[in-house]
Amino acid sequence: MPKAITFSEYGAPEVLRLSEVTPPTPGPGQVRIKVRAASVNPIDMKIRSGLMARMAPADFPVVPGLDAAGVVDAVGAQADATVGDEVLGATVGGSYAEYALLERPVAKPKALSWEVAASLVTVGQTAARVLAQLGVQAGQTLLIHGAAGSVGVIAVQLAAARRITVIGTAAERDLERVTALGASAVRYGDGWAERVRAAAPGGVDFVFDASGAGVLADSVALTGDAGKVITIADMTAAQHGVRFSAGTSEYIGESLPELAQLAAAGKLTVPVWRTYPLAEAALAQADLEAHRNQGKAVLVP
């Protein structure tokens, strides 16, 4: 029997178990892949711990994970792939598994490693989606909170490549890395708004909050318009008149092929920190919780 990581109750990483499961069957428009790499995302830990239970209660047992890359081994009706294709995308029903379903598979460029391919999906499409929603243009100034995080590093690179002036907040230890990606790095914490004003004397046009660190009120003050601020991490957004941007699988079809090509060409860096066997999913999540902003953790079945 194929194996997958499952959990049947909310809790610490230890609730994750390696289990035997029935392989999923692809429905219309879906493909099943033999997973070669599955990305571990911060949202996985929030779901596992129960932090998302009020918004999206789990139907136990749950196979965690959003992103995977692998080789197509079964195809549903009208699916846009064939058996043997190497693909990446967002999974339906979880990615921490030997086999997973993709609804909108994207061809994996040959030059792209399995680990980077799996790591690109959610963080890449999130960064691209928010930049599109903000409508920020070349010559304007964008402040990115959490610029050293998994979404932030992609957003910095995409914005800088579009000749947008980027200010990125980060921890002291991450400032040099954020600068190397193309941003003016500013230390977060008390006094961050004053430091941003000093780094951007011409003002800030838009703010992308990927940190959820309670920065929305001051971010609105910086832009003078709550409509120019978007968060993906602060659930108090509505209290500040700020948009909360959540992902949709439809958007992946628009952004992911281009992102994959940019990464394959070396024009977009997706930092992969560590890889783990599938059976060590609990350790991977625990390590990420203990060592934030190190890069992506990837499971390799």
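Residues numbered from 1 in each chain as written. Predicted model: local features only at pLDDT ≥ 70, side-chain atom pairs only at ≥ 80, totals over all residues. Heavy atoms only, no water.

(A) Quick look at helix 6 (residues 216-223). Along helix 6, the residues classified as buried are Leu216, Ser219, Val220, Leu222 and Thr223. Viewed end-on, helix 6 has its buried residues packed into an arc of 155°, placing them on one side of the element. Just past helix 6, the residue Gly224 takes up positive phi, approximately 80°. (Buried < 20%, exposed > 50% of the residue type's maximum accessible area, 1.4 Å probe, protein only. Helix = DSSP H or I, 4+ residues; strand = E, 2+ residues; numbered from the N terminus. Arc of directions from axis to C-beta.)

(B) Representation of the packing of helix 1 (residues 42-49) against helix 8 (residues 281-290) within the structure. Running from N to C, helix 1 and helix 8 cross one another at 110°; their axes reach a closest spacing of 10 Å. By the angle between their directions, the pair helix 1 and helix 8 is classed as roughly perpendicular. The residues of helix 8 that touch helix 1, namely those facing Asp44, Met45 and Arg48, are Gln285, Leu288 and Glu289. Looking at side-chain class alone, the contact of helix 1 with helix 8 contains two nonpolar, one polar and three charged residues. (Axes fitted to C-alpha atoms, helices over the stretch in contact; angles between N-to-C directions. Parallel < 35°, antiparallel > 145°, perpendicular 65-115°, else oblique. Contact = heavy atoms within 4.5 Å. Nonpolar A, V, L, I, M, F, W, Y, C, P; charged D, E, K, R; others polar.)

(C) Representation of the packing of helix 5 (residues 192-199) against helix 6. Their axes nearest at 10 Å, the elements helix 5 and helix 6 cross at an angle of 30°. Between helix 5 and helix 6, the crossing angle belongs to the class labelled roughly parallel. Crossing hand, helix 5 versus helix 6: right-handed. Mapping the contact onto sequence places Trp192, Ala193, Val196 and Arg197 in helix 5 and Asp218, Ser219 and Leu222 in helix 6. Of the residues assigned to the contact of helix 5 with helix 6, the class counts are four nonpolar, one polar and two charged. (Left-handed = near helix turned anticlockwise from the far one by under 90°.)

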